[in-house]
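Close look at the chain arrangement
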Amino acid sequence: MAVYEDYIEGKAANLFLDFYANLENASSSKEIIYARREDQEAYDAWHLAWYVSEILDIHELSKSHKLIFNDIPRKEKNLIVYLLLLTFERPVALLEFGCAMFELIDGIEISEKILTGVETNEKDKIVEQTEFFSIEMSKVMRGGAERLHPNIPIRFFNHVNDLDRNFDLIYDRNVSSYAMNTVDDLVSFMSRGEVGFYNLFVSKDKTFISMRMGKSLTYFHLEELVDRLDKPLYYLFGQKSLGSGTMDFDPSLGHDVIEGFFLNADEAFAQSWLVVAMSYPDVAKWFVEKEIKLTLANALWSI
Ligand SMILES: C[S@@+](CC[C@H](N)C(=O)[O-])C[C@H]1O[C@@H](n2cnc3c(N)ncnc32)[C@H](O)[C@@H]1O
């Protein structure tokens, strides 16, 4: 099927999405499968439903006049990216690696609305001052992201190797681990961002390749990564990614790993970001609760 020709590296993944029920009135627990999606179709169908719902929820939420800080969805993504955009104090070219429906746009808008507590004029909105880019391999996701944000120009790249420019800010929620399998490739991708906010899967001993959702999943050697980057890498928070493992399979394969959130920025920017964050009492409280700190990643392999 034409829409699904963009499999990662042309390989079909070993992934299934079943729509099933238990056989009615049967003593056995036999399941009847009514529909099955495989490989990229399964991946797209699941994520399409998930992220469209997220956008619809945010739109519903934004109709309310009594929003409070706790209403900001996925603060570890939306709020942090919003605070990073504010820190630049200028229009920002933002790249998301694997934007799905680009629900980040809606997340930034609701974060702004809740944090500032005022209805911002269209032209003053931070989204209006941001240029959006994404590396997104799925045609379904690219089409959905565009149609759900008809007034926002988005430029897509199909593959990380297609990038032809640098960005002020890169956000990557661990798509790097699916798309790359060497520290070299990760470093050359990260060097395209003046600032980068990453959910990285890193290992304290060596780079190794595991698997998740029928795709290869790389844990990058942290020490080698830090040595090779041209800007400091700060560890912010997080040890174990939600949903990275299942009850019977942990992709870390017994290695000493961190599935955490990191900021790659020069020290002046990182400190300014912290000052911006601390200027909002609710954010300051949330940073304490979540134990978000700027710790140089070098400190991690001695822990
Ligand atoms: C889990 S989803 C969205 C994650 C989203 N950025 C977030 O933070 O919620 C991952 C997205 O990355 C895309 N993706 C996965 N591997 C990719 C690759 N190698 N190159 C480009 N896009 C990829 C998928 O199509 C999907 O839309």
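A few points on the structure. (Residues numbered from 1 in each chain as written. Predicted model: local features only at pLDDT ≥ 70, side-chain atom pairs only at ≥ 80, totals over all residues.)

**Points about unusual backbone geometry**
You will see that Leu253, though not glycine, has its phi angle at about 50°, which is positive. Here Leu253 lies in the loop between strand 10 (233-237) and strand 11 (257-264). You will see that Glu291, though not glycine, has its phi angle at about 55°, which is positive. By the secondary structure assignment, Glu291 is in the loop between helix 9 (281-289) and strand 12 (295-296). A residue is classified by how many C-beta atoms lie within 10 Å of it, and Glu291, with 9 of them, is exposed. (Helix = DSSP H or I, 4+ residues; strand = E, 2+ residues; numbered from the N terminus. Buried ≥ 20, exposed ≤ 12 C-beta atoms within 10 Å, placed from the backbone.)

**Observations regarding the pairing of strand 3 (residues 92-97)**
A large share of strand 3 lies buried, amounting to 5 of its 6 residues. Relative to strand 4 (residues 130-135), strand 3 runs parallel, the two being bridged by 6 bridges. Residue pairing in the sheet places Glu96 in a bridge with Ser134 of strand 4. One ladder, built from 4 bridges, connects strand 3 with strand 6 (residues 167-173); its direction is parallel. Looking across to strand 6, one finds that Leu94 is bridged to Leu169. (Pairing = 2+ DSSP bridges.)

**Describing the packing of helix 1 (residues 39-62) against helix 3 (residues 103-116)**
Following both chains from N to C, one finds helix 1 and helix 3 inclined at 20°, their axes separated by 9 Å at the closest point. Comparing their axes, helix 3 and helix 1 come out roughly parallel. The handedness of the crossing between helix 1 and helix 3 is left-handed. Two secondary-structure elements touch here, helix 1 through Tyr51, Glu54, Ile55, Ile58, Leu61 and Ser62 and helix 3 through Glu103, Asp106, Gly107, Ile110 and Lys113. Classifying every residue of the contact of helix 1 with helix 3 gives 5 nonpolar, 2 polar and 4 charged. (Axes fitted to C-alpha atoms, helices over the stretch in contact; angles between N-to-C directions. Parallel < 35°, antiparallel > 145°, perpendicular 65-115°, else oblique. Left-handed = near helix turned anticlockwise from the far one by under 90°. Contact = placed C-beta atoms within 7 Å. Nonpolar A, V, L, I, M, F, W, Y, C, P; charged D, E, K, R; others polar.)

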